[in-house]
2 protein chains.
Amino acid sequence: MGVSGINGQSFATEPETALGQDFTSLVIQSMGPNTDPRLRHVISSFIQHIHDFARDVRLTTDEWMLGVQMINRAGQMSSDKRNEGQLMCDVIGLESLVDAITYEEAVKAHRPLTASAILGPFWRSDTPTRPNGSTITFDTATDAVVAYMYGEVTSADTGLPLANAVVDVWQCSTNGLYEQQDPAQREHNLRGKFVTDSNGKYSFYCIRPTPYPVPDDGPAGHLLSLMDRHAYRPAHIHLIVEAAKHKPVTTQIFDAESKYLDDDSVFAVKEALKVNFVPRQGDPEAKFELQYNVSLAVDPKA
Amino acid sequence: MGVSGINGQSFATEPETALGQDFTSLVIQSMGPNTDPRLRHVISSFIQHIHDFARDVRLTTDEWMLGVQMINRAGQMSSDKRNEGQLMCDVIGLESLVDAITYEEAVKAHRPLTASAILGPFWRSDTPTRPNGSTITFDTATDAVVAYMYGEVTSADTGLPLANAVVDVWQCSTNGLYEQQDPAQREHNLRGKFVTDSNGKYSFYCIRPTPYPVPDDGPAGHLLSLMDRHAYRPAHIHLIVEAAKHKPVTTQIFDAESKYLDDDSVFAVKEALKVNFVPRQGDPEAKFELQYNVSLAVDPKA
């Protein structure tokens, strides 16, 4: 240890052992016998990687404390309308990564299914169900372009249509704000749930989505600024699709003509999720239309 | 990509590339040219390790969201009296690790100096200065044992005593609570600053410290519980020692006879920081005494 152990003369004359793998192993092995096995595996790996990170960059106390302050600030900014901890993960690609892992596990077990994407922080659990063919845009911005979206929900295992599937959709207005962020929009503007008919079909009017920046007034925005990155996301619509006896899918679809497809601030774009809006004929209500079909995997547990 | 690109038929028939190193490199390389070089190094390594962690354990969306909720809850519990983000780092050994790294960097540059330890969340910036030979224990618990602590502050480079050095000390009561956590203790009980005399000497009365658990009502306590670990820390006294033209040291000294020296819940114990309380003769005010001398490195920038 290189320590001269005279009481009152506590000098350490060489580096402490805290720096090495021995210390990391000690922390990991301090877990007791009653830890859940999966949790032990996850926490052990987390401790190993966080310690390796600190050693790799020779992280200083001051730098670590800046990170702690960002974490505390993220929690303090979070509410039922905002999840800043999630957003911090999003800007370093973590939510997209765990989504891809979760999706890959689903693919392993089943036939191909609709590609998934991150939930994001603006979904609401109390979105109203609306009739097919109705609209989700009530406070339509003057620069918004209305579009008609429709499609079919099928079972990936049989290819047959699924009646009574629920298509839960949400999008922001052209100012980049979801209704819960924007006092000028009525509650539940630009969101709705649609139940497929006996042929598995759904349809509604919405707006053609536009790019917008994620909120940049918190630590996630600070992190983006430190990384010299912009906060913009490409134009997209959020979806959750659920049907009885099938696994639900959470996804985002991206306008293939949008800016920022190659540098989404939260790294959620996949080729499989790009969609093409096409001009709509003979409908004074909408300039564009989008067909989007969804295929759900059977849930073996249901 | 394995994607059948028919619009409205967005199937991904094999895993997305988000899972691999290519995705992690994309996230890291998204940083712009104006990122500070040190920060680029630190953030790049952090992203690499966090992504590697997620891949290594095949982290699922649900597991990740549990982590996000713990981070948000940590921030929400934090205040000027409590730093839960810091405590979460402490129970996985991270503060001790960055302290050891910071200390090792100091050792590289200078002669041996007093071993450091973590600050912990209970230091206060407005602690009053008290005269040498006075006490920091005012609301002394009935089960507390008073001790006399004294010593000398010297310069590590010359060995000469340092006059006007400041010894900032804090400890909790026998109920495990620091004064800001405990309405039964007056403000600044069991804390004080002492200025060394012309011979570099300081002295005060305190209590012999006792083990106590870190607060376990937040996510750090939840994490300890998940890891099947106890929350106790061995008996210790916190110190910050500062002198002009020298680098300050933040440390903790541990009663060599305490429980939990081998399984401190925040991994702060070092051999060099164990001290021996000895019986004190001829002083009705104190049953034990502790000599603790401190050696400070010259600050080359001062």
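Residues numbered from 1 in each chain as written. Chains lettered and ligands numbered in written order. Predicted model: local features only at pLDDT ≥ 70, side-chain atom pairs only at ≥ 80, totals over all residues. Heavy atoms only, no water.

Is there a simple way to explain the relation of the copies chain B and chain A in this structure?
Here the two chain copies are tied together by a rotation about an axis and a shift along that axis. The two copies are related by a screw motion: chain B maps onto chain A through a turn of 180° and a shift of 0.0 Å along the axis, at an RMSD of 0.1 Å. In the structure described here, the two chain copies are related by an operation that fits a two-fold rotation axis. Among all C-alpha atoms of chain B, that of G75(B) lies closest to the rotation axis, at 1.9 Å. Here 100% of the interface residues in chain B have copies in chain A that are interface residues too; the copies meet face to matching face. (Least-squares fit on C-alpha atoms with pLDDT ≥ 70 in both. Contact = heavy atoms within 4.5 Å.)

Before we go on, may I ask you to explain the confidence of the model for chain A in this structure?
As a note on interpretation, predicted positions should not be read in detail where pLDDT is low. Taken over all residues, the pLDDT of chain A has a mean of 88, while the share at 70 or more is 91%. In this model, residues 1-18 of chain A is a region of pLDDT below 50 whose contacts with residues beyond four sequence positions or in other chains number 45 contacts. (pLDDT = per-residue confidence, 0-100.)

What am I meant to see in the sheet that holds strand β6 (residues 166-170) of chain B here?
Strand pairing in a sheet is mediated by backbone hydrogen bonds. Such pairs are either parallel or antiparallel. Residues and elements named next belong to chain B. Sheet architecture is open: five strands sit in the order β7-β6-β11-β12-β13, paired in mixed fashion. Single-partner strands in this sheet number two, and they are β7 (191-195) and β13 (274-275). Of the pairings in the sheet, the one linking β6 to strand β11 (residues 236-242) comprises five bridges and is antiparallel in character. Note that in β11 the partner of W170 across the bridge is H238. (Pairing = 2+ DSSP bridges. Helix = DSSP H or I, 4+ residues; strand = E, 2+ residues; numbered from the N terminus.)

Where do I start with the UniProt feature "domain: Intradiol ring-cleavage dioxygenases" (unreviewed entry) in chain A in this structure?
Residues annotated by UniProt as "domain: Intradiol ring-cleavage dioxygenases" (unreviewed entry) correspond here to residues 120-296 of chain A. Note that residues 120-296 of chain A is 5% helix and 32% strand, and that its end C-alpha atoms are spaced 21 Å apart. (UniProt positions renumbered as here; feature names shortened; annotations may be inferred.)

Explain the pattern of salt bridges to me, please; I cannot follow it from the model alone.
Side-chain pairs of opposite charge can arise where the charged atoms are in close proximity. Per the stated rule, a full pass over the model turns up 34 salt bridges over all chains. The closest approach of N and O atoms between E63(B) and R38(A), which form a salt bridge, is 2.7 Å. Separated into two different chains, E63(B) in helix α3 (residues 61-77) and R38(A) in helix α2 (residues 37-57) make up a pair that spans both. Residue R38(A) is classed as partly exposed on the basis of its relative accessible area, which comes to 30%. For R191(A), the salt bridge is made with E179(A), and the minimal N-O distance between the two is 2.9 Å. In this pair, R191(A) sits in strand β6 (residues 191-195) while E179(A) sits in the loop between β5 (166-170) and β6, placing the two residues twelve residues apart along the sequence. E179(A) matches R191(A) in its accessibility class, with the two residues each being buried. (Salt bridge = Lys/Arg side-chain N within 4 Å of Asp/Glu carboxyl O. Buried < 20%, exposed > 50% of the residue type's maximum accessible area, 1.4 Å probe, protein only.)

I keep staring at the nonpolar core and nothing clicks. Help me out?
Nonpolar side chains in soluble globular proteins generally cluster together in the buried interior. With 134 residues, the main nonpolar core has M149(A), V153(A), Y292(A), M149(B), V153(B) and Y292(B) as its most contacted residues. Discounting chain neighbours no more than four positions away, the residues touching M149(B) are Y202(B), S203(B), F204(B), C206(B), I237(B), L239(B), I253(B), L290(B) and Y292(B). (Core = buried A, V, L, I, M, F, W, Y, C linked by side-chain atoms within 4.5 Å.)

Would you take a moment to explain unusual backbone geometry for this structure?
The general pattern is negative phi for most residues beyond glycine and trans for most peptide bonds. Residues and elements named next belong to chain A. One non-glycine residue, R58, lies in positive phi territory at about 55°. Even without glycine at this site, K245 takes up a positive phi of about 65°. Tracing the backbone shows K245 in the loop between β10 (236-242) and β11 (249-255).

I would appreciate a short explanation of the packing of helix α4 (residues 84-91) of chain A against α3(B) in the present structure.
In contact at an axis separation of 8 Å, α4(A) and α3(B) are set at 125° when each is read in the N-to-C sense. With respect to each other, α4(A) and α3(B) are oriented oblique. For the pair α4(A) and α3(B), the crossing hand works out as right-handed. In this structure, α4(A) uses E84(A), G85(A), Q86(A), C89(A) and D90(A) to contact α3(B), whose residues at the interface are W64(B), M65(B), V68(B) and N72(B). When its residues are assigned to classes, the contact of α4(A) with α3(B) shows four nonpolar, three polar and two charged. (Axes fitted to C-alpha atoms, helices over the stretch in contact; angles between N-to-C directions. Parallel < 35°, antiparallel > 145°, perpendicular 65-115°, else oblique. Left-handed = near helix turned anticlockwise from the far one by under 90°. Nonpolar A, V, L, I, M, F, W, Y, C, P; charged D, E, K, R; others polar.)

Honestly, the domain arrangement of chain A in this entry has me stumped. Any pointers?
Interfaces are often sized by the amount of accessible area the parts lose when they come together. Per the domain assignment, the segments of chain A are domain 1 (3-59) and domain 2 (89-296). Put simply, the middle of domain 1 of chain A and the middle of domain 2 of chain A, counted by C-alpha atoms, are 43 Å apart. (Domains from an automatic or database assignment.)

Can you walk me through the pairing of strand β4 (residues 146-155) of chain A in this structure?
Side-chain positions along a regular strand alternate between the two faces of the sheet. Residue and element names in this part refer to chain A. The buried fraction of β4 is high, at eight of ten residues. Across four bridges, β4 lies against strand β14 (residues 288-291) in parallel orientation. Directly across from Y150, in β14, lies its bridge partner Q291. As judged from the three bridges shared by β4 and strand β15 (residues 294-296), these two strands associate in the parallel manner.

Looking at this model, I keep getting lost on the interface of chain B and chain A. Mind explaining?
If you look at the interface, chain B gives 94 residues, while chain A gives 94 residues. Of the roughly 8,500 Å² buried between chain B and chain A, counting both surfaces, carbon and sulfur atoms make up 64%. When the shortest N-O distance is used, the salt bridge between E104(A) and R58(B) registers 2.7 Å. Linking chain B with chain A are 35 residue pairs in polar contact (both at pLDDT 80 or more), by the criterion used here. (Buried area = accessible area lost by both parts, 1.4 Å probe. Polar contact = N/O pair within 3.5 Å; in protein donor to acceptor, adjacent residues only side chain to side chain.)

What exactly am I supposed to notice about the packing of aromatic side chains here?
Working definition: an aromatic ring pair is given by the centre-to-centre distance plus the angle between the planes. Tallied over the full model, the rule gives 18 aromatic pairs over all chains. Ring geometry for F46(A) against F53(B): centres 5.3 Å apart, planes inclined by 70°, an arrangement best described as edge-to-face. Of this pair, F46(A) sits in helix α2 while F53(B) is found in helix α2 (residues 37-57), placing the two residues in two different chains. Residue classification places F46(A) among the partly exposed residues on the basis of a relative accessible area of 28%. Residue F53(B) is classed as buried on the basis of its relative accessible area, which comes to 7%. Clustering of aromatic rings is evident, with ring pairs tying together F122(A), Y178(A) and Y212(A). Between the NZ or CZ atom of R280(B) and the centre of the ring of Y148(B), over which it lies, the distance is 3.9 Å. (Phe/Tyr/Trp six-rings, centres within 6.5 Å; stacked < 30°, edge-to-face > 60°. Lys NZ or Arg CZ within 6 Å of the ring centre and 35° of its normal.)

I would appreciate a short explanation of the sheet that holds β11(A) in the present structure.
Residue and element names in this part refer to chain A. Spatially, β6-β5-β10-β11-β12 is the arrangement adopted by the five strands of the open sheet, whose pairing is mixed. Whereas interior strands pair on both sides, the edge strands pair on one side only; in this sheet they are β6 and β12 (274-275). Relative to β11, β10 runs antiparallel, the two sharing six bridges. Residue pairing across strands places H238 opposite Q252, the latter belonging to β11.

What is the right way to look at α2(B) in this model?
Note on helix geometry: an α-helix contains 3.6 residues per turn, so any two residues three or four positions apart are oriented the same way. Residues and elements named next belong to chain B. Taking 1.5 Å of rise per residue, 21 residues should cover 30 Å, and α2 covers 31 Å from first to last C-alpha, within 8% of that figure. Here α2 starts with a cap whose side-chain oxygen sits 3.2 Å from the backbone nitrogen of R38, and that cap is D36. Immediately downstream of α2, the backbone of R58 shows phi near 55°, a positive value. (Expected span 1.5 Å × (residues − 1).)

Just checking my understanding: could you explain the pairing of β11(B) for this structure?
Buried residues dominate β11(B), accounting for six of its seven residues. Counted along the chain from β11(B) to the antiparallel partner strand β12 (residues 249-255) of chain B, the turn is six residues long, and its residue K245(B) has a positive phi close to 65°.

When you look at the side chain of H236(A) in this model, what are you seeing that I'm missing?
All names here are of chain A. For H236, the position within the fold is in strand β10. Taking relative accessible area as the criterion, H236 reaches 3% and is therefore assigned buried. At a separation of 3.2 Å, a polar atom in the side chain of H236 contacts the side chain of R233. Reaching out from H236, the side chain makes a polar contact with the side chain of H238 at a distance of 3.1 Å. Excluding residues that lie within four positions of it along the chain, H236 makes contacts with Q171, Y178, P209, Y212, Q252, I253 and F254.

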